[in-house]
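Inside the fold
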Amino acid sequence: MNTDKSGTNIGSYEERVKNFTWDAVSQELGFEDGVPRNIGWCCTDRVCEQGLREKTALIWESAQGEVHRYTFNEMRLYSNAFAKLLQELGVKDGERVAIYLDRVPSLYFSLLGILKLGAIAVPMFSAFGEEALQVRLANCDAVACITSPRLARKLRKARPGLPALKRVIVVDADDESKLKGDEMAYSVEDAPPVEVFPVFPATEETPSLLHYTSGTTGQPKGALHVHGSILSQYITTKWVMDLKPDDVYWCTADPGWVTGISYGVIGPWSLGATQLVLEVGFIPARWYSAIEKHRVSVWYSAPTAIRLLMREGEEIVKQYDLSSLRHLCSVGEPLNPEAVIWSEKVYGLPFHDTWWQTETGAIMITNYPGMEVRPGSMGKPFPGTTAAVLDDRFEPITEPNKPGKLALKPPWASMFREYWGNRTIYESKFKNGWYITGDRARIDEDGYYWFEGRDDDVINTGGHLVAPFEVESALLEHEAVAESAAIGTPDKVNMEVVKAYVALKSGFEPTKDLELSIMNFVRKRLSPLAMPQYIEFMDKLPKTRSGKIMRRVLRAMDRGEPIGDISTLEDE
Ligand code: WT7
């Protein structure tokens, strides 16, 4: 299938790989001596200096459907104002500042402001409950948090566990009398303009963002990124998203996750692109009408959303003029071939699969214009990236189509530099000179990568990773739960959803009411994503002799597969 409908003319995949240098990317971004490598500056001031002050950076559509537009100059001034505010509040470079907001304009202004100050931004998904929030902000000792009146209520409940959190800044507060204690209201649009802010002179190694992600063991870990990541985000956005000056770009991911930052802030704005943000989540009619109204041309979404749109059918598509669309990409989960074929039929364009992770910071393996797309394949390593599939001894497999561990050769610009405060787990991710991704894949005869599945217990629900341990810990806090285990069970739309196995304390009966009470308990503490959709009660859970719950056995039971070697089970 030849999908090069975009008129891109940068040459073939092979040529791009052969001619690729990071120096050339540095030059494109104007990284000369004395020029700040600061992401906040690159996404606003630098774009203004390139003559794009009055170009629209952000088209924001509120839940009620009101549209506000912000130019690159406004983004520059408003991010300056946030940087100055934080500075006046005593926040220093290197300190962690959390953002706990829905998709409102101040999320973007404050994020860029934090970066301009040289502090480390910690994006928090707004659907997180008090416990999910507390675990993460306590882990990184966040000193300040920017939030909204609605979310401040959840933050208040987490605060007793957050001694380091000195400042809470509440944006969009209509009624300041509802604020509590030391919370301060702030409105960037009412504050005096800050024409000049001396941005922190970041180098490529200065920490920029901390993105929490879920691992196999323990609580979520903060993947620390650096300002130099912009090199990867800039060039992948340029080539993979194929952004051109007149495009209107829309990334549907929430900035509480890495996609919503790397490709919903840094990549597009470093290129001076106009992007759309919808405050609402997935609502098919709102999505299609937004594409029509704002003439969206490049769209970055996720397989779960595409499957949901497939379920809505073709009739609704015909009610909208989607002719502005020019290029479509997807990330987060395996993109099934049917989805690629459906989108080609219905929108006249295939979705291009892209593969990456929180830890990689930017797209690593991908399909892009100029490459032949093989539906179902993740594509090939992005130029400048060395990938491989390794055997159990961590040696590259040379035989085509043989599955193994997907690995990447460090370093690369947007590589995570640390799991916050957890050197041991960070180091355990590197073996034999490779970064081990935790995914399994195979490479075909022509060098295309095919996703085979995860190599660990992490649950991927609708493109969001959930740590079994985090769910299990929350379950154990419920008064009725004695033992708990969480696994991913297959789901038609979300790929996987969380399923919990629970052994009850004596005196509790497995009733429907108790099941709902446990589900709601997890939803409120963690998030709707982490809430078990199914709960199965057991007398006791299968454990190893050392007391570790065997999720493998539960997964096999769930799928009706043979249970395999259970010789280590405690009862054997
Ligand atoms: C994990 C990373 C940065 C992307 C957003 C999620 C899975 C991601 C694909 C894909 C199959 C994919 C992998 C990966 N994943 N993209 N194109 N095909 N699986 O970032 O939360 O760190 O999740 O998502 O398992 O390791 P993340």
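Each remark here, short or long, concerns the structure printed above.
For the structure given in this document, a descriptive report is provided here. Computed from a predicted structure; not experimentally measured.

Scanning the protein from terminus to terminus reveals 18 helices and 27 strands. The C-alpha atoms of the protein give 24 Å as radius of gyration, which agrees with the globular expectation for 572 residues (25 Å, within 12%). In terms of overall dimensions, the protein has C-alpha extents of about 70 × 65 × 50 Å along its principal axes. Counting all 572 residues of the protein, 60% fall into the buried class.

In this structure, Met75, Met241, Trp269 and Tyr300 are the most contacted members of the largest nonpolar core, which totals 101 residues. In this structure, Met75 is in contact with Thr44, Ala57, Leu58, Tyr70, Tyr108, Phe109, Leu112 and Trp269, ignoring residues within four places of it in sequence. Of all hydrophobic cores here, the second largest spans 46 residues; its members include Ala98, Tyr100, Ala480 and Ala486.

Another point: the pairing of strand 22 (residues 449–454). Inspection of the sheet shows strand 21 (residues 434–443) paired to strand 22 by 5 bridges, in the antiparallel sense. Considered in strand 22, the bridge of Arg440 is made with Gly453.

For the structure on display, the rule yields 42 salt bridges. Taking the shortest distance from any N to any O, the salt bridge between Arg326 and Asp247 comes out at 2.6 Å. Of this pair, Arg326 sits in the loop between helix 13 (315–318) and strand 13 (327–330) while Asp247 sits in the loop between helix 9 (230–239) and strand 10 (248–251), and the two are 79 residues apart along the sequence. Among the residues examined, Asp247 registers a relative accessible area of 5% and is labelled buried. Among the salt bridges present, the one from Lys512 reaches Glu515, with a minimum N-O distance of 3.4 Å. On the criterion of helical spacing, the pair formed by Lys512 and Glu515 is a turn pair, its members being 3 residues apart in helix 17 (residues 512–525). On the basis of relative accessibility, which here comes to 15%, the residue Glu515 falls in the buried class.

Our focus in this paragraph is the packing of helix 4 (residues 45–52) against helix 5 (residues 72–88). Helix 5 packs onto helix 4 with a crossing angle of 150° between their chain directions and a minimal axis gap of 9 Å. For the element pair helix 4 / helix 5, the angle class is roughly antiparallel. Judged by the sense of rotation from one axis to the other, the crossing of helix 4 with helix 5 is left-handed. Where helix 4 approaches helix 5, its residues Asp45, Val47, Cys48 and Leu52 are matched on the opposing element by Phe72, Asn73 and Arg76. Classifying every residue of the contact of helix 4 with helix 5 by side-chain character gives 4 nonpolar, 1 polar and 2 charged.

Bringing the site of the ligand into the picture now. The environment of the ligand is made up of 18 residues, and the closest members are Asp353, Thr354, Gln357, Thr358 and Asp439. In the environment of the ligand, an oxygen atom lies 2.9 Å from a nitrogen or oxygen atom belonging to the side chain of Asp439. One of the side-chain N or O atoms of Arg454 is found 3.1 Å from an oxygen atom in the ligand. Considering the ligand on its own, with 560 Å² of exposed area, one finds that the protein chains cover 97% of that surface. Going through the elements one at a time, helix 10 (258–270), strand 14 (351–355) and strand 22 are the ones with two or more residues in the shell around the ligand. A breakdown of the residues in the shell around the ligand according to their chemical character gives 7 nonpolar, 7 polar and 4 charged.

Here the focus is the sheet that holds strand 15 (residues 365–366). Here 9 strands make up an open sheet; going across it, the order is 2-1-11-10-12-13-14-15-16 and the pairing mixed. In this open sheet, the two strands that pair with only one neighbour each are strand 2 (67–71) and strand 16 (380–381). In the sheet, strand 1 (residues 56–61) pairs with strand 11 (residues 274–278) via 4 bridges, with the strands oriented parallel. Paired with Ile59 across the strands is Leu276, a residue of strand 11. The strands touched by helix 5 within the sheet are strand 1 and strand 2, with strand 2 carrying the most contacts at an inclination of about 80°. Contacts between helix 6 (residues 105–117) and the sheet are confined to strand 1, strand 2 and strand 11, with strand 1 contributing the most and set at about 145° to the helix.

Moving on, we come to the environment of Pro369. Topologically, Pro369 is positioned in the loop between strand 15 and strand 16. By relative accessible area, which is 1% here, Pro369 ends up buried. For the pair formed by Pro369 and Met241, sequence separation is 128 residues and the distance between their alpha carbons is 8.5 Å.

The residue Asp254 is located in the loop between strand 10 and helix 10 in this model. Looking at Asp254, its side chain comes within polar contact range of the main-chain nitrogen of Gly256, at 2.7 Å. Discounting residues that sit within four places of it in the chain, Asp254 has contacts with Arg103, Phe125 and Gly260.

What follows covers a positive patch on the surface. Residues Arg153, Lys157, Lys180, Arg523 and Lys524 make up a contiguous surface patch of positive charge. Sorting the residues of the positive patch by element identifies helix 8 (149–158) and helix 17 as the ones contributing at least two each. Relative to the elements of secondary structure, Lys157 occurs in helix 8. When its relative accessible area of 52% is taken as the criterion, Lys157 is described as exposed.

Turning to the side chain of Gln233, a few remarks are in order. Note on placement: Gln233 falls in helix 9. Classification of Gln233 as buried rests on a relative accessible area of 2%. The contact partners of Gln233, leaving out residues within four places of it in the chain, are Ser262, Tyr263, Ile266, Gly267, Gly361, Ala362 and Ser414.

Here we take up helix 6. The terminal C-alpha atoms of helix 6, which comprises 13 residues, lie 19 Å apart, in line with the 18 Å expected from a rise of 1.5 Å per residue. Burial of helix 6 is extensive: 13 of the 13 residues sit out of reach of the surface. Gly118 occupies a position one or two residues after helix 6 and carries a positive phi of about 85°.

Rules behind the numbers
- Residues numbered from 1 in each chain as written.
- Predicted model: local features only at pLDDT ≥ 70, side-chain atom pairs only at ≥ 80, totals over all residues.
- Heavy atoms only, no water.
- Helix = DSSP H or I, 4+ residues; strand = E, 2+ residues; numbered from the N terminus.
- Rg over C-alpha atoms; globule rule 2.2 N^0.38 Å.
- Buried < 20%, exposed > 50% of the residue type's maximum accessible area, 1.4 Å probe, protein only.
- Core = buried A, V, L, I, M, F, W, Y, C linked by side-chain atoms within 4.5 Å.
- Contact = heavy atoms within 4.5 Å.
- Pairing = 2+ DSSP bridges.
- Salt bridge = Lys/Arg side-chain N within 4 Å of Asp/Glu carboxyl O.
- Axes fitted to C-alpha atoms, helices over the stretch in contact; angles between N-to-C directions.
- Parallel < 35°, antiparallel > 145°, perpendicular 65-115°, else oblique.
- Left-handed = near helix turned anticlockwise from the far one by under 90°.
- Nonpolar A, V, L, I, M, F, W, Y, C, P; charged D, E, K, R; others polar.
- Near = heavy atom within 4 Å.
- Polar contact = N/O pair within 3.5 Å; in protein donor to acceptor, adjacent residues only side chain to side chain.
- Areas by Shrake-Rupley, 256 points an atom, 1.4 Å probe, with all protein chains shown as cover.
- Patch = residues over 30% accessible without salt bridge, like charges linked within 9 Å, V, L, I, M, F, W, Y side chains within 5 Å.
- Lys, Arg positive; Asp, Glu negative; His and termini not counted.
- Charge placed at Lys NZ, Arg CZ, Asp CG, Glu CD.
- Expected span 1.5 Å × (residues − 1).

Without other data, these values stay purely geometric and don't point to any function.
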